[in-house]
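In case you want the letters, here they are:
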Amino acid sequence: MGAWPASLRLLAASPDFPGDLTGTFKKRSSMTWTVQRGRRFRSPSMFMSAGRACRDLQCCGCRTDDGDNGSLLSDQDLHQAILKLIVGFYKEAFDRLPRASEDMTELIRLLDDGGLCLGLLDPVSNIILNILALLPYDAAAAASPPAAKRSRGRSYRSLVNFVVGYFGCLTEEQAARYLYWARADLPLAVMLVQHDLYEHDAQHQPQGLDPDSARTQAAFKWAAQEAGHPAPDTLVQLMAIRLYPDAFALLKKQFAEVSLSSENVRAIHRLLHRPYDAQMTPCGTTTSTNVSADGSTITTTTVRRAAHRITSLRQHIDHTDMAAKLSSCLTQGYAQKHTLKTPCSRDACDYLQSLEMHLHGMLHHFYITALTLLPTPSGSLMRSFLMAGHCYGSMDLVSNIIVNSIWYDRHGCPLPESERTKIEQYIDILDPLSLFCVEMHSLKGLTELAALADPQLSVATCALENLCSAKCDIATMLQSSTERFEKNPFHEASMAAGHPLPLQLGELQQQLLLMPVERNKLLSLMTEAQTGGTVLPIDDVASILDMVLNRSSAPAPALVQAPELCVKALSVVSSNRSYYEKRRRWFRSKLERILKEYATLHFWEPKYTLDYICGVEESGEAPPKFHTCYHVNFMATCELRPQKTLFFAEFWLTDDDPMPSFCCTLPYPYAGRCYYGVRTARKIVYPDRAEYIGKDITDDGTGSVGGMLQMDHVYFSSEGDVELAKNLNILPSSESRYDSDSEYED
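No experiment lies behind these values; they were computed from the predicted model shown.

A few points about the packing of helix α14 (residues 350-373) against helix α19 (residues 460-469)
- Between α14 and α19, whose axes approach to 10 Å, the crossing angle comes to 35°. Considering the relative orientation of α14 and α19, their crossing is left-handed. Contacts between α14 and α19 involve Y351, L352, L355, E356, H358, L359 and M362 from the former and A460, T461, L464, E465, L467 and C468 from the latter.
- Partitioned by chemical class, the residues of the contact of α14 with α19 number 9 nonpolar, 2 polar and 2 charged.

Some remarks on the environment of P489
- With respect to the element layout, P489 can be found in helix α21 (residues 489-497).
- With relative accessibility at 2%, the residue P489 sits in the buried group.
- Considering only alpha carbons, one finds P489 and G506, 17 residues apart in sequence, at a separation of 7.4 Å.
- If sequence neighbours within four positions are ignored, P489 has contacts with L449, L452 and Q510.

Considerations on the nonpolar core
- With 195 residues, the main nonpolar core has L118, F162, L186, F385 and F634 as its most contacted residues.
- Ranked by the residues each element gives to this core, the list is headed by α14, at 13 residues.
- In this view, F385 contacts Y367, A370, L371, L374, I401, S405, L435 and V438; residues no more than four positions away in its chain are not counted.

Side note on the sheet that holds strand β8 (residues 628-638)
- Within the open sheet, the 4 strands sit side by side as β7-β8-β9-β10. Their pairing is antiparallel. Looking at which strands have only one partner, the edges of the open sheet turn out to be β7 (608-620) and β10 (662-665). Averaged over all pairs of adjacent strands, the angle between strand axes in this sheet comes to 20°, irrespective of strand direction.
- Sheet topology note: the β7/β8 ladder contains 10 bridges and is antiparallel. For T609, the partnering residue across the bridge sits in β8 and is T637.
- Where helix α25 (residues 567-601) meets the sheet, its contacts fall on β7, β8, β9 (645-652) and β10, and the angle it forms with β7 comes to roughly 115°.

Thoughts on helix α23 (residues 516-532)
- Between the first and last C-alpha of α23 there are 23 Å, a value that for 17 residues agrees with the 24 Å anticipated at 1.5 Å per step.
- Within α23, burial applies to E518, R519, L522, L525, M526 and A529. Viewed along the axis of α23, the buried residues span an arc of 120°, placing them on a single side of the element. Along α23, the residues that are exposed and aim more than 90 degrees away from the buried face are V517 and T531.
- The first or second residue beyond α23 is G533, which carries a positive phi of 70°.

Some details on helix α15 (residues 379-388)
- Across the 10 residues of α15, 9 count as buried, placing the element largely inside the fold.
- Those residues of α15 lying buried are G379, S380, L381, M382, R383, S384, F385, L386 and A388.

Digging into the side chain of S380
- Position of S380 among the secondary structure elements: in helix α15.
- In terms of polar contacts, S380 uses its side chain to reach the side chain of S378, at 3.1 Å.
- In terms of polar contacts, S380 uses its side chain to reach the side chain of D409, at 3.2 Å.
- The residues contacting S380, other than those within four sequence positions of it, are D409, L415, R420 and I423.

A short note on the packing of helix α18 (residues 432-453) against α21
- Orientation of α18 relative to α21, taken along the N-to-C sense of each, is 145°, at an axis distance of 7 Å. Our pair here, α18 against α21, has a crossing hand that is right-handed. Listed contacts from α21 to H441, K444, G445, E448, L449 and L452 of α18 are P489, F490, E492, A493, A496 and A497.
- In terms of residue class, the contact of α18 with α21 is built from 7 nonpolar, 2 polar and 3 charged.

A short note on unusual backbone geometry
- At A184, a position not held by glycine, the phi torsion is positive, near 60°.
- Topologically, A184 is positioned in the loop between α6 (172-181) and α7 (186-197).
- On the basis of relative accessibility, which here comes to 0%, the residue A184 falls in the buried class.
- A positive phi is found at D700, a non-glycine position, where the angle reads about 80°.
- If you trace the backbone, D700 turns up in the loop between β12 (698-699) and α26 (710-714).
- On the accessibility criterion, D700 (26% relative accessible area) is partly exposed.

What to know about the pairing of β8
- In terms of burial, β8 is largely enclosed, as 10 of its 11 residues are buried.
- Across 8 bridges, the pairing between β8 and β9 is antiparallel. Residue pairing across strands places Y630 opposite F651, the latter belonging to β9.
- Once β8 ends, the chain turns through 6 residues before running back antiparallel as β9.

With respect to the layout of surface pockets
- Space inside the largest pocket adds up to approximately 1000 Å³.
- M387, P500, D712, D721 and E723 are, among the 33 residues lining the largest pocket, the residues nearest its centre.
- Going through the elements one at a time, α15, α16 (397-412), α18, α26 and α27 (722-729) are the ones with two or more residues in the lining of the largest pocket.

Some words on empty space enclosed by the protein
- What the rule picks out here adds up to 3 cavities of 30 Å³ or more.
- The calculated volume of the largest cavity comes to roughly 60 Å³.
- Every residue lining the largest cavity is listed: G165, R215, A218, A219, R673, R682, P687, D688, R689, Y692, I693 and D696.
- Taken together, the residues that form the lining of the largest cavity break down as 5 nonpolar, 1 polar and 6 charged.

Things to note about the environment of V705
- Position of V705 among the secondary structure elements: in the loop between β12 and α26.
- Once the C-alpha coordinates of V705 and S434 are considered, the two residues, 271 residues apart in sequence, prove to be 8.0 Å apart.
- Among all residues touching V705, those that are not within four sequence positions of it are L433, F436, C437 and M440.

A few points about the environment of K252
- Take K252: it is sitting in helix α10 (residues 245-255).
- For the pair K252 and H316, spaced 64 residues apart in the sequence, the C-alpha separation amounts to 7.0 Å.
- Not counting residues within four places of it along the chain, the set of residues in contact with K252 comprises L313 and H316.

Considerations on the confidence of the model for the chain
- Summary statistics for the chain give a mean pLDDT of 78 and a share of 72% for residues scoring 70 or more.
- Low pLDDT, under 50, characterises residues 1-71; the stretch is placed with 206 contacts to residues that sit more than four places away or in other chains.
- Predicted confidence is poor over residues 138-147, with pLDDT under 50, and the contacts of this stretch with residues over four places away or in other chains come to 26 contacts.

Describing the pattern of salt bridges
- Tallied over the entire structure, the rule returns 20 salt bridges.
- Across the salt bridge formed by D95 and K91, the nearest N and O atoms sit 3.2 Å from each other. Separated by 4 residues within a single helix, D95 and K91 lie in helix α2 (residues 75-96), roughly one turn from each other.
- Given the relative accessible area of 40%, D95 is considered partly exposed.
- In the salt-bridge network here, residues are joined through shared partners; they are D428, E581, R584, R585 and R588.

Criteria and cut-off values
Residues numbered from 1 in each chain as written. Predicted model: local features only at pLDDT ≥ 70, side-chain atom pairs only at ≥ 80, totals over all residues. Heavy atoms only, no water. Axes fitted to C-alpha atoms, helices over the stretch in contact; angles between N-to-C directions. Helix = DSSP H or I, 4+ residues; strand = E, 2+ residues; numbered from the N terminus. Left-handed = near helix turned anticlockwise from the far one by under 90°. Contact = heavy atoms within 4.5 Å. Nonpolar A, V, L, I, M, F, W, Y, C, P; charged D, E, K, R; others polar. Buried < 20%, exposed > 50% of the residue type's maximum accessible area, 1.4 Å probe, protein only. Core = buried A, V, L, I, M, F, W, Y, C linked by side-chain atoms within 4.5 Å. Pairing = 2+ DSSP bridges. Expected span 1.5 Å × (residues − 1). Arc of directions from axis to C-beta. Polar contact = N/O pair within 3.5 Å; in protein donor to acceptor, adjacent residues only side chain to side chain. 1 Å grid on protein atoms, 1.4 Å probe; cavity = no way out; pocket = protein on both sides within 12 Å on 5 of 7 lines; lining within 4 Å. Points joined across faces, edges and corners; volume = space filled by probe spheres on them. pLDDT = per-residue confidence, 0-100. Salt bridge = Lys/Arg side-chain N within 4 Å of Asp/Glu carboxyl O.

Now the structure itself:
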């Protein structure tokens with residue numbers, strides 16, 4: 001049995017928990033969450049079945065049908081408990097502020113609007129800093145405490161929204177429970193979530209929030225906006241502030257006081273408005289050089305100031321560091337774990353759903369990384385990538401994706417030359433569900449392989465936890481346990497994943513596991529491409545695979561002739577290919593123009609050229625605007641290096657739209673927020689900006705990948721696509737997902 005998540009232990013450790021953990025928890029219906037147009041709403045669903053236990057990331061306990069000796073806090077009780085904590089923080093904040101005889105109505109107003117608990121320090125210090133940061137530079141510095149009823153509600157919403165916005169894969173209830181265990185201390189709550197997601201990973205200790213991270217700043221801005229903060233950008237700047245040594249020492253001294261005098265508050269106020277000393281000395285420099293398209297050289301020097309982050313105040317305020325706080329919470333929780341039940345393995349469990357979402361986010365990163373290493377693919381290789389490029393195997397995930405794709409293209413299901421020619425230019429992935437589909441199948445196979453590699457991981461929860469902690473890389477575990485397998489584990493994983501050729505793929509990966517010399521040659525090619533900024537020599541990979549297959553006793557896969565398509569099915573395939581081609585040309589022309597504008601605005605960067613599209617999302621504004629906006633991920637190449645760069649672009653359907661189009665590069669490694677629900681999902685990569693939180697979750701989730709997709713029609717082959725041909729022949733004439741092309745006129 002795998003270890004319980006930290007969340008489950010933390011509930012037992014909570015001093016306010018109203019129950020006896022030696023008994024069992026009362027049964028209660030759980031809540032599932034869906035997202036529509038980026039907004040979350042509750043839809044009650046009776047997930048529980050008789051006699052089955054369930055644990056989840058936010059509810060922290062096993063809910064069973066038997067016994068009534070304990071209970072979880074209801075959503076309303078949880079809400080009230082956090083509000084009670086927040087009210088205490090406001091009282092403490094004003095107890096620390098000076099009491100002056102003059103009426104300070106401006107400070108009271110600012111407390112009501114912007115004096116939030118939201119921030120990187122403890123809640124009380126955050127309230128004080130957020131108020132003083134909003135005061136004009138020449139304002140006074142004393143006030144009488146208001147009732148703070150509106151303030152506590154705003155603070156609650158801002159804290160919950162930050163956790164949901166930062167991670168994506170948590171519900172509002174889960175976020176609230178983490179905040180409750182952390183006593184509304186936001187950085188500690190974030191570390192508790194990180195601990196649950198990386199619980200078994202000794203090398204990945206929770207790092208907390210990085211104030212300089214674009215992801216952290218975007219979550220702060222979004223949370224402040226949603227809570228009605230009057231100046232969200234001010235709050236973001238406050239959290240990212242850096243203080244020169246003398247100013248930091250002065251601020252540390254002010255916060256060391258139990259009660260702040262008017263002089264203390266004025267000093268803090270001045271420091272927040274003048275964080276840098278003009279004469280401060282740098283502590284280091286970084287120089288980079290770029291050569292532009294015209295041959296000119298641009299050198300950029302970045303100076304790092306000898307300054308302190310505001311987060312450094314925490315250990316002086318709390319007299320302990322965040323790692324010690326986290327350790328204290330977990331130590332209390334571990335003392336209670338003997339009272340807990342065996343975890344469930346139900347698909348409806350919120351904890352399992354959060355783990356799966358986190359894994360989906362990791363897999364998407366691996367697939368994008370694999371695409372950056374491939375040279376511009378042919379249509380047939382892209383077809384193989386989307387149909388059979390699963391990530392499980394005898395190597396790391398990126399290597400498995402590439403090897404499995406090339407093998408399927410060259411040996412697994414090679415297309416006749418006539419069909420290869422037809423789809424040669426079809427390299428653009430317009431429907432993001434196509435990539436999402438292969439990621440979903442891969443996760444099924446990966447979970448099966450993790451369970452086979454370690455018998456202790458047979459429970460779904462344990463397998464998913466192990467995959468999270470190992471970052472999905474279980475190749476080492478497999479190489480050390482091949483002797484005990486009665487069946488080919490790769491074949492079993494391929495069967496679970498629904499691979500089109502499970503027997504043959506299982507044999508290939510088994511041979512690679514037994515042929516370390518050839519496997520190491522493949523890994524060496526991957527390493528050279530990744531470290532050298534180049535792309536993989538596909539022919540070299542294919543040659544190594546030829547040697548592996550020559551030693552295999554498994555028969556080569558036999559191509560099966562698909563049933564002949566009826567007239568209606570032929571019409572559907574033809575019309576959808578025509579529609580795809582028209583959309584493809586329209587999107588490429590838009591992106592090429594946007595890249596030219598990008599080169600003009602970023603003249604110091606290398607000039608990029610569009611390679612291929614890897615995901616398009618459409619969003620529309622509500623009446624009366626009715627504007628259609630497109631968000632696109634695409635790969636681009638530059639003259640300096642052959643390896644691809646991932647871009648994000650935003651543009652509108654019509655050129656006369658008042659909103660400007662733009663594009664930007666996306667950083668790697670990328671560890672952003674993720675959400676993958678049944679009805680909605682975050683299927684492409686977005687920049688870490690507040691305006692995309694919520695908008696990045698769009699229609700069509702995990703429940704939308706079971707049927708035929710756009711690229712299935714585009715890549716249809718009369719040889720091999722037997723099931724697709726059968727489904728096309730029974731497809732109603734009205735059932736065509738892509739049947740209009742009036743919007744994409746050249």
